[in-house]
Amino acid sequence: QSYILENQDDYYPNEGFVKNLIYGEWVENISIYQALTMEIHNINEMCSAIGIPKMFLKEFPSDTSLFNEKPSDFHVLLMPTEKKYYDFVITLEKMITGNLNINAFLTSACLIKPVEREDEDGKAKGSLTLLAEWFTQNTRLANIDDDIKLPLRELIKERQTPAHKIIENKYDKSYWKKQNEFMQKVYVAVRNIRLLMANHPMCKQVEIPDYLYDGKHIRSY
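Remember, it's a predicted structure, so these values are computed and weren't measured experimentally.

Structural notes on the overall build of the chain
Okay, so step 1: Counting its secondary structure elements, the chain contains 7 helices and 2 strands.
Okay, so step 2: Each helix and strand of the chain, ordered N terminal to C terminal, gives the series α-β-α-α-α-α-α-α-β.
Okay, so step 3: Expressed along its principal axes, the backbone C-alpha trace of the chain runs to roughly 65 × 45 × 30 Å.
Okay, so step 4: Every one of the 221 residues in the chain was classed for burial, and the buried ones make up 39%.
Okay, so step 5: At a minimum sequence separation of 6, the contacts of the chain that also span at least 24 residues come to 72%.
Okay, so step 6: As presented, the chain carries roughly 13400 Å² of accessible surface, and 50% of it is formed by carbon and sulfur atoms.
Okay, so step 7: Each charge class in the chain can be summarised by its mean position, and for the 27 positive and 32 negative side chains these summaries are 3 Å apart.

Regarding the nonpolar core
Okay, so step 1: Counting 56 residues, the largest nonpolar core has Met55, Leu92, Ile96, Leu131, Phe135 and Met197 as its most contacted members.
Okay, so step 2: For this core, the secondary-structure elements that each account for two or more residues are helix 2 (32-50), helix 3 (82-95), helix 4 (127-138), helix 5 (144-164) and helix 6 (174-197).
Okay, so step 3: With 11 residues, the top contributor of residues to this core is helix 2.

Comments concerning a negative patch on the surface
Okay, so step 1: The grouping of Glu116, Glu118, Asp119, Glu120 and Asp121 at the surface amounts to a negative patch.
Okay, so step 2: With respect to the element layout, Glu116 can be found in the loop between helix 3 and helix 4.

Conventions adopted
- Chains are numbered independently. Their residues run from 1 in the order of the written sequence.
- Where totals are concerned, whole chains, interfaces and linings use all residues; where local detail is concerned, this predicted model gives features only for residues with pLDDT of at least 70, and gives and counts side-chain atom pairs only at 80 or more.
- Water and hydrogen atoms were dropped before computing side-chain values, which therefore reflect all heavy atoms in the structure.
- Runs of H or I in DSSP of at least four residues are treated as helices and runs of E of at least two as strands, each being numbered from the N terminus.
- Buried means the residue's accessible area, taken with a 1.4 Å probe over protein chains only, is under 20% of the maximum for its type, while exposed means over 50%, and partly exposed covers the values in between.
- By the convention used here, residues are in contact when the closest approach between their heavy atoms is within 4.5 Å.
- All accessible-area figures derive from a Shrake-Rupley calculation using a 1.4 Å probe, and residue coverage is judged against the displayed protein chains alone.
- When charges are counted, neither His nor the chain ends are considered; positive counts come from Lys and Arg and negative counts from Asp and Glu.
- To locate a charge, take atom NZ for lysine, CZ for arginine, CG for aspartate or CD for glutamate.
- Take the buried Ala, Val, Leu, Ile, Met, Phe, Trp, Tyr and Cys residues and link them wherever side-chain atoms come within 4.5 Å; each set so joined is a nonpolar core.
- A patch is a set of surface residues, each over 30% in relative accessible area and not in a salt bridge, joined within 9 Å for like charges and within 5 Å for the nonpolar side chains Val, Leu, Ile, Met, Phe, Trp and Tyr.
- Salt bridges are defined by distance alone: a side-chain nitrogen of Lys or Arg within 4 Å of a carboxyl oxygen of Asp or Glu.

As structure tokens, this is what we get:
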């Protein structure tokens with residue numbers, strides 16, 4: 001009894017857990033965390049189909065039996081504390097923006113033009129800048145800044161917070177909501193990368209699972 005949290009009416013069991021382990025039914029929904037790792041894999045598959053280096057240096061197993069190999073802080077916060085939240089942010093940034101392979105943007109291929117590695121002043125561009133320029137140069141009718149660059153730039157900015165302040169292990173339920181909203185922003189940005197790449201004719205051969213294709217069965221857990 002001493003471990004039971006107050007306000008029990010605020011808590012309910014995960015729908016997928018109940019259906020699968022209690023009722024023995026198939027679960028159609030997947031976690032947004034697993035969906036993100038699958039998007040990374042599919043984007044890399046599309047890069048290979050086009051004939052350019054994979055966009056992400058490292059992939060993370062998204063198969064159900066292997067998903068336990070994902071980074072240890074890449075999950076819903078078990079305790080909503082400031083430290084755990086920023087541990088999650090740091091991990092997410094390493095998986096996405098810190099995991100970008102700049103060689104993917106510097107290689108020419110069929111219907112693909114590479115971008116310049118350096119700016120007009122001879123300074124090396126950041127990986128996110130290269131990503132945005134690459135899509136701007138190779139796609140049409142897409143709002144790259146709003147759909148991809150700004151959410152990922154926000155991730156980089158949020159990741160820098162722990163480097164400039166002492167993070168306390170402060171308990172605050174608002175971190176659950178903050179993490180959920182942040183994860184959704186980043187997932188949509190990565191999904192937009194995959195959707196834009198799907199327009200390349202050579203990417204038609206890459207099969208996308210139905211639950212990623214329509215996005216109806218992705219849940220935030």
